[in-house]
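Chain by chain, the residues:
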Amino acid sequence: MTTTTAAVLVPLLPFLGAVATLLTGRRAPGFVRPLAVLPTLAAAALAVLVACRQGGGQPLDAARRLTPTGSVPIDLALHLDGFAVLVAVLVTVVASCVQLYSTAYLREDPRYPSYAALVSLFTAAMLLVVYSGDLMVLLVGWEVMGVCSYFLVGHYWETEAARSASLKAFLVTKLGDVPFLFGLFLLASDAGTFRITGVLHTVATGSLSHPTLTALLLLAGVAGKSAQFPLHTWLPDAMAGPTPVSALIHAATMVAAGVYFTARLLPVFTASTAALLVLAVMAAVTMLGSALAALAQDDIKRVLAYSTVGQLGYMTGALAVGDRGAAVFHLLTHGAFKALLFLGAGVVIHAAGTNSLAAMARMRGLARRVPDACWTMTVALLALAAIPPFSGFFSKEAVLGAAEHAARGEAPGIPGAAGWTVLLAGLVTALLTAAYCARLWLMCFCGKDPDAAQHGRESAAMTGVLWVLLIPTIALGLAAWQLPDWFDGRSLAPTLPTSLLSTGCALAGGLVVYGAWRRTQALAARVPLGAVAADPEAAPAVSEEEAIATHLAAYGSIAGAQDPADPGRLLLGPLHRHAATGFHLDALYAALFVRPVGAAARLVRFLDREVVETYVRGAGTAPGWLGAAVRRAQTGNVQTYLSVLFAGSVVLAVAAVLVASGA
Amino acid sequence: MHLVYPAVLAALLFCTGLYGVLARRNAILVLMSVELMLNAVNLNLVAFDVWLRDKLHAGQALTLFVIAIAAAEIGIGLAIVLLVYRARGTADVDRLRDLREDAPAEAREDAPVEAEKKAEAAA
Amino acid sequence: MTGTSTLAAQAHGFLSPTGVEVAFLLIGLVTLAAALLTVTTRQLVHAALWLVVALGGLAVEYLLLTAEFIAWVQVLIYVGSVVVLLLFGLMLTKAPIGRSPDADSGNRWPALVVAVAAAAALVWVVADAFRTTWIDLSGAVQGTTKVSGESLFRYWVLPFEALSVLLLAALVGAIVLSRMRRKKEGER
C-alpha cells in the first residue's frame, strides 16, 4: 500500500463506517459497536503508518481532478506534511478513544446507532480537513463538521438546554463561515486555484491583492470554529451534549480545525500585520476572559469548556506571533489531556450523579470511588496548568517562548506589540489556569460531607481509555525536541526565563486557590447544597442528561451556583457574578442581534399576516361573493334554464343578423 | 310556389314548439312540443330540398333520418318519463328540482344529523 | 297538380297566389292552429289529438311540396306510432282526463316572450331572405318512392345503416330503462 492510498483510506474508513452504521443500525443493532469502533481504530493505525512513512520529510502532494469546474479548478488533493500527519494521528486516536468510551457511556441509549454514525462522520470530516490539499474540499469537511456538531450537541434533544445549544452552535459557527467562504473566494481569485500549495506560492510571491481583508475574513471563520472571542459563546453551551462528544469537539476535531487551518495558511496571515495584531488581541482577550469565566463556573464540563477556549487562545496566540510549530504542538498535547479531562469528567459525573461542582464539594470519597478517573484527571489537570514535567508545560512554554521571541523583535515580519500582548496575556492566563485547575480538583475530589448514593462500577471501556490517554498526557512533552524536524524546524524546547515565570505564575495561582479553599471549607459544612440524579444504576448518559436538565432548576442558573464555599467566588469577589455568565456576552448578543432579528421577524410576520394575506383573502372572497350571487340563479328548474338559453340565442342571432346586414 | 310560405310556417311551428317546451308542465306534453319543433325542421328540409332540386336529395334523406331519430327519441324519452313517474309519483318538469342550489346543501346538513339520530336510537 | 315555371312566377309577381299556394296557406293555417292548441290546451289528451291534426297537416304540406314518400312516412310513423306512444305515456303516468288547471308551469310568461321574440326574429329574417324566391314544382315529381329509394340506397346507405344501429341502441336502452325498477325490487 502506498502512502497516498493509506492517506486516502484514513478519512474514507470512518466515512464508510458511518454510512454502514446508518444503513444497518436499525436492523442489525449487534453490528453497530464494531462498525463504530473498528473503522476508527483502523484509521488510527493507518494514520500512524502515514505519519511514519512521511516522517516529517518533504510534503507529499497528490491530486486528482474528477471534472472541470470552470475558471477555478477544484481538485481532490492530498497535502501531507508534518502538521497534517501528526494532527491526523491525534484526531484518529482521540476519536478511537471516544468511540470506545461511548460504547459504555451510551450503552442503553436507543439513539446510539445514529450517534455512533455521526461521531464517525465527524471524524471523517475532520480528517478530510486535515489531509485535504484543496480549499474547497477542505470546506466540505469544515461544513460537515458544523452539521455533525449540531446533531451531536443536540443528542439529548429532550432537554431544552441541548436544543438551544445545538442551534446556537450551528448558527454561531455558520456566522463565521460566511465571511470564511468569501475569504476563500478572495484567495482563490488571486491564486487562480483552490490548491493550498498554489495559494501559498501566490502568497510567497506577494501577489495577494488584499492581504488584510482576506486574512480578516478567514479569521472570522476560524474564530467561529475554534471558539475565539467574540464567537466563542457556543462552546460553553455545547456542554449540553454528551460528554464523549464534548471530548471529541474540544480535543480533536471541531475547535482544532480552526487552529489547524490557520497554521496551514499562516503565510496568508503573516502577510498582513494588521491581521496578526487582530489575532493577537483576539487571543489575549479570549485567554483572559475564558480563564476568569472558568473560575466561576459550577458545571464541571463548563469549566473544562472555558479552559478549552483559553487553551485555544494560546494556540491562536502562537499563530499571532508566527510560530505555527508551537501552535500545533500545543494543539497535540492539549488534544490529549483535554480528551482525558472530558472523558474523566464523564466518569465523575456518573459517579457523583451530578455535574455541579458545588454538589461534588459536599461528597466525601469521590476520589476513592473512581480512582482511575481521579489519578488520570489529576495528571491531566497538572498538564493543563502547565506544571512540569507534564506535556502541557512543554507546549505552553513553546508558545510563550515564541511570544517572547517576537516581543523582543527577533521574529521577522511579526509586530512586537503582538508578541508582548500574547506574552503578558499568556502569563496572566497561566496563573488563572492553574487557579481554576486547582479549584476543579479541590472541589471535585476533596469533598467533606457524608457519602452520596453509591453508583455502579465504571466499565473497563471507560476507565481503560483514560489510562491510554494518560500516556501522551505525560510523555508528549518530550516530543519538544523531536517535533521541529516535523514542523518548520524552529526550536520548541522551553527557555529558562519564560519557564520560570510561567511555572511561578502557575504555582502561585494554585496556592492562592488552596488558601482560599481552606478558608471557605468551614462554610461548606454549614450550607448544604446539591441535587443528585435519581437513577444511580442507569447508564452514564442518563445520569448526565438528568444532571443537565435539572441544573437550572436546582441552582437557578445553567452556569453558576450560589455556593459560598466556592473558592472561586471568594477570589473573584464582585467579578464572580459577571464571570459566571461569561461576562454577559450572551445577553449582549441577545440585545444586539437576537432581539432586533426577532423584532424584524415579528414585523415580517405582521406584514405577511395582516397586509399580504389581506390581498390573498380578498382575492378569494370576491369570487366567493360572485359565486354566491350566481348560485341564486340555480333554481333547479330546467325550463328556466332553457328559457334563458333560448333568449340568449335569440339575442345573439339577432345581433349577428344585424351585424351581417350592416345595420 | 313562394318559398316564404313553407319557411315562415316552419319558423312559426318551431316557435310554437319552443313555447310548449318552455311553458308546459307535464313532461309528455314537453315531448310533444319537441316533436313539433322537429317537424318544423323537417318542413324546412323538404322545402329547401325541393327548391334546390338537389341531385342527392339530401333534404329528404335527412328528413327521413330525423323522423327515425325522433321515433327513437320519443321511445327513450317516454321510458325515462315513466321511470321518473314511478320513482317520484309525478311527471311534472318543474317539480324535479333536485339540482337547485340549496337542496344538496340541506341534504348534506341533514344527513349526518339523521345518522346521529339513528345511532342514538340504536344505542 | 298545377305548377308554375320560375319565369311565370316572376311574371305573376309577389301577390298572385296560385292554387297550390292557396292550398298550402290554408293547410298551413290549420296546422299552425292545431300546433298552437297542442301547446295551449288544458286537456292533456286533447293536446295529443291536436298534435295528430298538426302532424297530419304537415303530411299534406309535404304532399303539396311533391315529397310523397316523406308524407306517407310522416303519417305512418308520427301519426301512427309516435302519437300512440305519447297517448300510452299519458295514460301510464295517470294524466288527468278533462281540464287540468295546472297544465302550464310558472314559466309561462317568460316562455311566451322568448317564443314570440324568436318567432319575430325568424320570420323577419326568413321573409327578408326569401322574398323573391320561388319553388319550381313543375317537372318530375321529386319525392316519389322510387326517387327517394334510389337516392337513399345509392348515396345514403352508410348513414342509413348507422341509423339502424342507433335505433337498435334506443330499443335496448328503452328496455333496460323500463326493466331497471323491477330489478331493483328483485334485489330488495
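Residues numbered from 1 in each chain as written. Chains lettered and ligands numbered in written order. Predicted model: local features only at pLDDT ≥ 70, side-chain atom pairs only at ≥ 80, totals over all residues.

1. Let's talk about the overall build of chain C
The helix and strand tally for chain C stands at 7 helices and 0 strands. Split into buried and exposed, the 188 residues of chain C put 33% on the buried side. If you take every contact in chain C between residues at least 6 apart in sequence, the share linking residues at least 24 apart comes to 65%. (Helix = DSSP H or I, 4+ residues; strand = E, 2+ residues; numbered from the N terminus. Buried ≥ 20, exposed ≤ 12 C-beta atoms within 10 Å, placed from the backbone. Contact = placed C-beta atoms within 7 Å.)

2. Some details on the nonpolar core
Among the nonpolar cores identified, the biggest contains 230 residues, and V87, A88, V94, L248, A339 and V348 of chain A are the most heavily contacted of them. For this core, the leading source of residues is helix α15 (residues 324-352) of chain A, giving 19 residues. Not counting chain neighbours up to four residues away, the residues in contact with L248 of chain A comprise V94, A95, V98, V119, F122 and T253 of chain A. Core analysis: the next-biggest nonpolar cluster, separate from the first, contains 87 residues, A7 and F14 of chain B together with A115 and V126 of chain C among them. (Core = buried A, V, L, I, M, F, W, Y, C linked by C-beta atoms within 7 Å.)

3. A closer look at helix α20 (residues 416-445) of chain A
Look at α20 of chain A: 43 Å from first C-alpha to last across 30 residues, which is about the 44 Å you get at 1.5 Å a residue. Most of α20 of chain A is tucked away, with 23 of its 30 residues classed as buried. (Expected span 1.5 Å × (residues − 1).)

4. Digging into the interface of chain B and chain A
Contacts between the two partners involve 11 residues from chain B and, on the opposite side, 11 residues from chain A. In terms of residue count, helix α1 (residues 4-23) of chain B provides more of the side of chain B that touches chain A than any other element does, 3 residues in total. Considered class by class, the residues forming the side of chain B that touches chain A number 6 nonpolar, no polar and 5 charged. (Nonpolar A, V, L, I, M, F, W, Y, C, P; charged D, E, K, R; others polar.)

5. Considering the confidence of the model for chain A
Confidence along chain A averages 83 in pLDDT terms, with 93% of residues attaining 70 or more. Confidence, expressed as mean pLDDT per element, reaches its minimum in chain A at helix α24 (residues 540-555) of chain A with 70 and its maximum at helix α28 (residues 638-660) of chain A with 90. (pLDDT = per-residue confidence, 0-100.)

6. Some words on the interface of chain C and chain B
Each side of the interface is counted separately: chain C has 78 residues, and chain B has 63 residues. Of all the elements in the fold, those that place two or more residues in the side of chain C that touches chain B are α2 (19-40), α3 (44-64), α4 (68-92), α5 (108-129), α6 (145-155) and α7 (157-187) of chain C. Its residues assigned to classes, the side of chain C that touches chain B comprises 53 nonpolar, 18 polar and 7 charged.

7. Here we look at the packing of helix α14 (residues 300-320) of chain A against α15 of chain A
All names here are of chain A. Contact pair α14 / α15: the axes reach a minimum separation of 9 Å and the direction vectors enclose 175°. Between α14 and α15, the angle falls in the class roughly antiparallel. Residue-level inspection shows I300, K301, L304, T308, Q311, Y314, M315, A318 and L319 of α14 in contact with α15, the latter providing R324, A326, A327, H330, L331, H334, K338, L341, F342, A345, V348 and I349. (Axes fitted to C-alpha atoms, helices over the stretch in contact; angles between N-to-C directions. Parallel < 35°, antiparallel > 145°, perpendicular 65-115°, else oblique.)

8. Some thoughts on the UniProt feature "transmembrane region" (unreviewed entry) in chain C
Residue and element names in this part refer to chain C. When the UniProt feature table is mapped to this numbering, "transmembrane region" (unreviewed entry) covers residues 22-40, 47-65, 71-97, 109-127 and 156-178. The span residues 109-127 carries 100% helix and 0% strand; its end-to-end C-alpha distance comes to 26 Å. Across residues 156-178, helical content stands at 96% and strand content at 0%; the span's end C-alpha atoms are separated by 33 Å. (UniProt positions renumbered as here; feature names shortened; annotations may be inferred.)

9. Some points on the packing of helix α6 (residues 160-191) of chain A against helix α7 (residues 196-204) of chain A
All names here are of chain A. Closest axis-to-axis distance for the α6/α7 pair is 9 Å, and the angle between their directions is 70°. By the angle class used here, α6 and α7 are roughly perpendicular. Counting all contacts with α6, which are made through L187, D190 and A191, the residues of α7 involved are G198, V199 and T202. Here the residues of the contact of α6 with α7 sort into 3 nonpolar, 2 polar and 1 charged.

10. A word on unusual backbone geometry
All names here are of chain A. Note the cis peptide between F229 and P230, where omega equals 5°. Among the structural elements, P230 can be located in the loop between α8 (211-225) and α9 (234-237). Not every positive phi belongs to a glycine, and A227 is a case in point at roughly 55°. Note that A227 resides in the loop between α8 and α9. Overall, the presence of 31 C-beta atoms within 10 Å leaves A227 in the buried class. Within the chain, A386 stands out as a residue other than glycine whose phi angle is a positive 65°. Relative to the helices and strands, A386 resides in the loop between α18 (371-384) and α19 (391-407). Given 31 C-beta atoms within 10 Å, A386 falls into the buried group.

11. Digging into α18 of chain A
Residues and elements named next belong to chain A. End to end, α18 covers 20 Å across 14 residues, agreeing with the expected 20 Å (1.5 Å per residue, within 8%). Among the 14 residues of α18, 10 are classified as buried, and the element is accordingly described as predominantly covered. One or two steps after α18, the chain reaches A386, where phi turns positive at roughly 65°.

12. Brief notes about the confidence of the model for chain C
Residue and element names in this part refer to chain C. Per-chain confidence: chain C averages 82 in pLDDT, with 87% of residues scoring 70 or above. A low-confidence stretch, residues 1-14 (pLDDT under 50), is modelled with 17 contacts involving residues beyond four sequence positions or located in other chains. Across the predicted assembly, pTM comes out at 0.67 and ipTM at 0.83.

13. Re the environment of L476 of chain A
All names here are of chain A. Here L476 shows up in the loop between α21 (460-475) and α22 (483-486). Considered as a pair, L476 and H334 are 142 residues apart in the sequence and their alpha carbons are 10.0 Å apart. Sequence-distant contacts of L476, defined by excluding residues within four places in its chain, comprise L332, T333, A336 and S391.

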